[in-house]
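# Architecture at a glance
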Amino acid sequence: MDSKKLLKLFLILAVILIIAGPLLGFFLDKVTIESREASNPLIIQESSTTTIRDAYHKDITLSRNQMIIIEFSVYYPDVSADLIILGKGTYDQEFAADNPPPGSGLTFLYSEFTYGQPATYSSSPATVVTISNDGYWYIEFAGGYSGVGGDYLISRPGNYVVVVYGNNVGPGTEVTFNLTVKVDGPGDFLEELFLTIGILLLACCAIFYAYSYLNKLRRGM
Amino acid sequence: MGEKIKKTRLFESIPLLDKRKAMKFIIYGLIAAILFGLIMMISRSIAQNAGTWEAIANQENEMNYWNGVYGYSDYLRRQEEIDRTRYWMEFQDVIFMNVARVGVNIALVFIVIGFLSLGVAEDIDERTRRIYLIIAGLILFVIMFTTFFASISISVE
């Protein structure tokens, strides 16, 4: 392959990488690991308040700087549901002892999107969220929490369990709720990698072109 | 060995360029100088407008948060990324300005050689050759001053 074709190939590759980087970043930013919307809600029994074994649980593994996003909502009559996040060890201990779910778990942050208000004011920490009949929570969790100078999540890699339990205050026993769990995907990493390689390739092309140009100039003499 | 001979020939032939080669030197030098100058201006413009870009990016970040596209922690994460990009937008100026400065100076050397060669060409009339020599002198003056004195620079607005 002659140098001109190689240069063209590198140039095209660089452009493709530079375009693909942000696209991958956008599409792989979050990976959905559980999606139970209104069309396909989750149903548990109200016995989940007396034994953690009947509660809904979702195991999650977090790595360094990874965060999970939970969208928890209820739009059903007579339902009261609670969501907590426990460390895997605590969950297993409660499960083995067949205890009722603890009233609170690890601290997470929930956001209330208040248009026009600074973001700092519309986010709060909590260890449990409860919904009766109607409600929606947007939750972020990374393992730990710091309240110094604001609300910040601390990245603590490890295994965690999202637990949902509740009761039905009506004649039924079913507790229906919607839950979406997303985890940070490889989007950010891939975006940076593709952009870096793309820009490096472009720089190489520029240097190569300048070199060929100088050579051409010398030959012209 | 062959490379050494080639280099010697290049330097020996520089003051004795014929009209066609001298014009080639001037045109190529001009193109290179314009290209590097363009890089300089684009780079400076990006650096100078980094603050405006940051304001837009922050506003977009806030609006995305209000629209529920992402939560508070993602909002903070993006804020940090915006800061990092802004610093890079400012710092790239240092890299590109230095590269472009070297490029412009090399291109100007080519132009000087071109004009000097035209200035000593025997097949051009005396007055025109004098003008070529004056132009070469002026460009040399600019190169020397912009290279050796950092406080003197030429800016194109």
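### Quick notes on the overall build of chain B
What chain B contains, in helices and strands, is five helices and zero strands. Helices (α) and strands (β) of chain B occur, in sequence order from the N terminus, as α-α-α-α-α. Contacts in chain B between residues far apart in sequence, at least 24 positions, make up 69% of those at least 6 positions apart. Working note: accessible area of chain B is about 10400 Å², and carbon and sulfur atoms make up 66% of it.

### Some words on the packing of aromatic side chains
Residues and elements named next belong to chain A. A full pass over the atoms with the stated rule returns 16 aromatic pairs over all chains. Geometrically, the ring pair formed by phenylalanine 26 and phenylalanine 27 is edge-to-face, given 5.1 Å between the ring centres and 80 degrees between the ring planes. Phenylalanine 27 sits in the exposed class, given a relative accessible area of 58%. On the numbers, 5.2 Å between centres and 75 degrees between planes, the contact of phenylalanine 113 with tyrosine 138 is edge-to-face. Of the two residues, phenylalanine 113 sits in the loop between β5 (108-111) and β6 (123-126) while tyrosine 138 sits in strand β7 (residues 129-141), which places them 25 residues apart along the sequence.

### Side note on the pattern of salt bridges
The final tally for this structure, using the stated rule, is 15 salt bridges over all chains. The salt bridge involving aspartate 98 of chain A is made with arginine 53 of chain A; its shortest N-O contact spans 3.8 Å. Residue aspartate 98 of chain A is found in the loop between α2 (88-97) and β5, and its partner arginine 53 of chain A is found in the loop between β2 (42-45) and β3 (56-62); the two are separated by 45 residues along the sequence. The class for arginine 53 of chain A is partly exposed, based on a relative accessible area of 41%. For arginine 77 of chain B, the salt bridge identified is with aspartate 184 of chain A, shortest N-O distance 2.9 Å. Highlighted residues: arginine 77 of chain B in helix α4 (residues 72-120) and aspartate 184 of chain A in strand β11 (residues 174-184), drawn from two different chains. Under the relative-accessibility criterion, arginine 77 of chain B is labelled partly exposed at 27%. For aspartate 184 of chain A, a relative accessible area of 9% translates into the label buried. Connected through shared salt-bridge partners, Asp29, Lys30 and Asp184 of chain A together with Asp74, Arg77 and Arg78 of chain B make up one network.

### Let's talk about the side chain of threonine 180 of chain A
All names here are of chain A. Structurally, threonine 180 can be placed in strand β11. A polar contact of 2.9 Å, which involves the side chain of threonine 180, links it to the side chain of glutamate 37. Setting aside chain neighbours within four positions, we find threonine 180 in contact with Thr32, Glu34, Ser35, Arg36, Glu37, Ile69, Ile70 and Glu71.

### Section: the nonpolar core
Residues and elements named next belong to chain A. Ranked by size, the top nonpolar core spans 30 residues in total, and within it Ile70, Phe72, Leu83, Val129, Phe177 and Leu179 carry the most contacts. Of all the secondary structure elements, the ones that give two or more residues to this core are β2, β3, β4 (68-87), β5, β7, β10 (158-168) and β11. Here this core takes nine residues from β4, the largest share from any one element. Among all residues touching phenylalanine 177, those that are not within four sequence positions of it are Pro41, Leu42, Ile44, Tyr56, Phe72, Ser73, Val74, Tyr76 and Val164.

### Considering the confidence of the model for chain B
Mean pLDDT over chain B works out to 86, with 84% of the residues at or above the 70 mark. On the interface metric, ipTM, the complex scores 0.80, and its pTM is 0.77.

### Re the environment of aspartate 92 of chain A
All names here are of chain A. With respect to the helices, strands and loops of the structure, aspartate 92 is situated in helix α2. On the accessibility criterion, aspartate 92 (36% relative accessible area) is partly exposed. It is 9.4 Å that separates the C-alpha atoms of aspartate 92 and valine 161, two residues lying 69 residues apart in sequence.

### Regarding the packing of helix α3 (residues 50-66) of chain B against α4 of chain B
Residue and element names in this part refer to chain B. Their axes nearest at 10 Å, the elements α3 and α4 cross at an angle of 170 degrees. With respect to their mutual orientation, α3 and α4 come out roughly antiparallel. Each of Ala50, Gly51, Trp53, Glu54, Ala57, Asn58, Asn61, Glu62 and Tyr65 in α3 lies in contact with α4, whose residues at this interface are Tyr72, Tyr75, Arg78, Gln79, Ile82, Asp83, Thr85, Arg86, Met89 and Glu90. Classifying every residue of the contact of α3 with α4 gives eight nonpolar, five polar and six charged.

### Some thoughts on a nonpolar patch on the surface
Taken together, the side chains of Met23, Ile27, Ile31, Leu35, Leu38, Met41, Ile42 and Ile46 of chain B make up a nonpolar region of the molecular surface, amounting to roughly 700 Å² of accessible area. With respect to the helices and strands, methionine 41 of chain B occurs in helix α2 (residues 19-48).

What counts, and where the lines are drawn
- Residues numbered from 1 in each chain as written.
- Chains lettered and ligands numbered in written order.
- Predicted model: local features only at pLDDT ≥ 70, side-chain atom pairs only at ≥ 80, totals over all residues.
- Heavy atoms only, no water.
- Helix = DSSP H or I, 4+ residues; strand = E, 2+ residues; numbered from the N terminus.
- Contact = heavy atoms within 4.5 Å.
- Areas by Shrake-Rupley, 256 points an atom, 1.4 Å probe, with all protein chains shown as cover.
- Phe/Tyr/Trp six-rings, centres within 6.5 Å; stacked < 30°, edge-to-face > 60°.
- Buried < 20%, exposed > 50% of the residue type's maximum accessible area, 1.4 Å probe, protein only.
- Salt bridge = Lys/Arg side-chain N within 4 Å of Asp/Glu carboxyl O.
- Polar contact = N/O pair within 3.5 Å; in protein donor to acceptor, adjacent residues only side chain to side chain.
- Core = buried A, V, L, I, M, F, W, Y, C linked by side-chain atoms within 4.5 Å.
- pLDDT = per-residue confidence, 0-100.
- Axes fitted to C-alpha atoms, helices over the stretch in contact; angles between N-to-C directions.
- Parallel < 35°, antiparallel > 145°, perpendicular 65-115°, else oblique.
- Nonpolar A, V, L, I, M, F, W, Y, C, P; charged D, E, K, R; others polar.
- Patch = residues over 30% accessible without salt bridge, like charges linked within 9 Å, V, L, I, M, F, W, Y side chains within 5 Å.

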